[in-house]
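# Structure assessment
One letter stands for each residue in the lines below.
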Amino acid sequence: MDLHARRADSFGAQAEAYAEHRPDYPVAAIRWALEPLGTTERLDVLDLAAGTGKLTAGLVAEGHRVTAVEPNEQMLSELVRRVHDVRALPGHAEHIPVPDQTVDAVFVGTAFHWFDQEKALPEIARVLRPGGVLVAMWIEPDPDVEWYAEFQQVSSSSIESQRHDPVDVMAHPSFTRAERGTFPHALRRDSPEALVDTTNTYSRMLVIDEQERAAINDKMLAFLRSRPETSNGPFDVPLRSEVYRMFRVSD
Ligand SMILES: C[S@@+](CC[C@H](N)C(=O)[O-])C[C@H]1O[C@@H](n2cnc3c(N)ncnc32)[C@H](O)[C@@H]1O
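Along each chain, residue indices are assigned from 1 in the same order as the chain's sequence is written. Restriction of local features to residues with pLDDT of at least 70 applies here, the model being predicted, together with a cutoff of 80 or more for giving and counting side-chain atom pairs; totals for whole chains, interfaces and linings are based on all residues. The basis for the side-chain values is all heavy atoms of the structure; hydrogens and waters are excluded.

## What about the side chain of Glu 242?
Its place among the elements puts Glu 242 in strand S7 (residues 235–247). At a separation of 3.4 Å, a polar atom in the side chain of Glu 242 contacts the side chain of Thr 182. Reaching out from Glu 242, the side chain makes a polar contact with the side chain of Arg 240 at a distance of 3.0 Å. It only takes one pair of heavy atoms within 4.5 Å for two residues to be counted as in contact. Not counting chain neighbours up to four residues away, the residues in contact with Glu 242 comprise Ala 136, Met 137, Trp 138, Glu 140, Arg 180, Gly 181 and Thr 182. Only runs of H or I of at least four residues qualify as helices and only runs of E of at least two qualify as strands under DSSP, and these elements are numbered from the N terminus. Within 3.5 Å is the distance limit for a polar contact, defined as a pair of N or O atoms, with the added protein rule that one can donate a hydrogen and the other accept it, and that residues adjacent in sequence qualify only through two side-chain atoms.

This is the structure:
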């Protein structure tokens with residue numbers, strides 16, 4: 001298995017920690033993505049690559065009829081344990097187990113970069129009703145907060161963070177050009193150790209060897225214990241959600 005495939009499949013080994021320590025998504029981002037559909041009705045929404053249900057839970061809380069699709073067995077079990085009122089199915093973005101033109105929106109949380117886009121985009125187009133929306137969201141560090149920017153350096157591993165350039169990557173004749181929205185977000189952490197736990201759920205930490213991980217964990221802890229922003233008690237990790245929405249055009 002190549003590195004990309006290993007990373008894409010790495011999350012299940014820490015599924016419980018992932019559910020415990022990763023951030024959710026801002027509700028304002030979900031609403032912005034759906035607002036052009038122009039309805040307050042309950043929508044049929046697919047959460048693709050749903051993981052442990054971080055985004056799924058937000059979609060259910062907004063009152064939508066949600067189907068969650070996720071290929072990793074451990075991640076999907078965690079989702080089923082934690083999120084109720086959802087139809088949960090095993091499956092991949094390149095072969096979505098949902099009939100043609102049956103959903104109003106497809107959401108993808110922090111996962112679009114793992115897909116084989118040439119196969120996934122036509123599949124997403126297939127399941128969407130005409131006029132429906134594809135929403136790809138990421139949670140990223142807020143680049144303007146100095147201590148967290150430094151922490152990114154301290155926590156880097158021998159493997160690069162997964163880069164993406166969504167507007168170009170997502171260009172496809174079945175969709176309008178992507179529009180982008182940015183929404184502030186935060187993750188509350190009680191201690192330096194809790195932020196280290198969050199960092200250890202990233203694929204760049206999951207696929208390195210134990211020795212490298214231990215060395216990075218020591219560096220992260222030393223840094224967080226030395227900084228006034230994080231050394232003492234609960235703190236907010238400064239994040240933002242980058243959201244891209246594009247609409248299914250008729251064939
Ligand atoms: C970083 S996690 C994001 C999970 C969830 N959406 C969230 O926001 O917490 C990436 C997820 O993508 C899934 N994944 C990787 N490759 C995939 C593919 N080809 N099709 C569907 N899901 C995939 C992984 O199993 C993992 O659960």
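## Observations regarding helix H4 (residues 54–61)
Residue burial is assigned from relative accessible area. The probe radius is 1.4 Å, only protein chains are included, and a residue is buried under 20% of its type maximum, exposed over 50%, and partly exposed in between. Every buried residue of H4 is accounted for by Lys 54, Leu 55, Thr 56, Leu 59 and Val 60. Backbone geometry just downstream of H4 places Gly 63 in the positive-phi region, at approximately 95 degrees.

## Points about the site of the ligand
If you check the shell around the ligand, you find 20 residues, and the closest are Tyr 18, Tyr 25, Ala 49, Glu 70 and Gly 109. Here a nitrogen atom of the ligand and a backbone polar atom of Ala 49 are 2.7 Å apart. Between the ligand and Glu 94, the relevant distance is 3.1 Å, taken from a nitrogen atom to a side-chain nitrogen or oxygen of the residue. Within the complex, 96% of the 590 Å² of free accessible area of the ligand lies under protein. If a single non-hydrogen atom of a residue is within 4 Å of a molecule or strand, that residue counts as near it. Using a 1.4 Å probe, the Shrake-Rupley method yields the accessible areas, and only the shown protein chains count as cover for residues.

## Considerations on the packing of aromatic side chains
The criterion for an aromatic pair is that two Phe, Tyr or Trp rings (for Trp, the six-membered ring) have centres within 6.5 Å, with stacked assigned to planes under 30 degrees apart, edge-to-face to planes over 60 apart and tilted to the rest. A complete count under the given rule lists nine aromatic pairs for this structure. Between Phe 11 and Tyr 18 the ring centres are 6.0 Å apart and the planes differ by 85 degrees, which places this aromatic pair in the edge-to-face class. The same class applies to Phe 11 as to Tyr 18, namely buried. Through pairs of rings, three or more aromatic residues link up here, namely Trp 147, Tyr 148, Phe 151, Phe 223 and Phe 235. Only lysine NZ and arginine CZ atoms are considered, and such an atom sits over a ring when it is within 6 Å of the ring centre and within 35 degrees of the ring normal. Here the guanidinium or amino end of Arg 245 rests over the ring plane of Trp 32, the centre of that ring lying 3.9 Å away.

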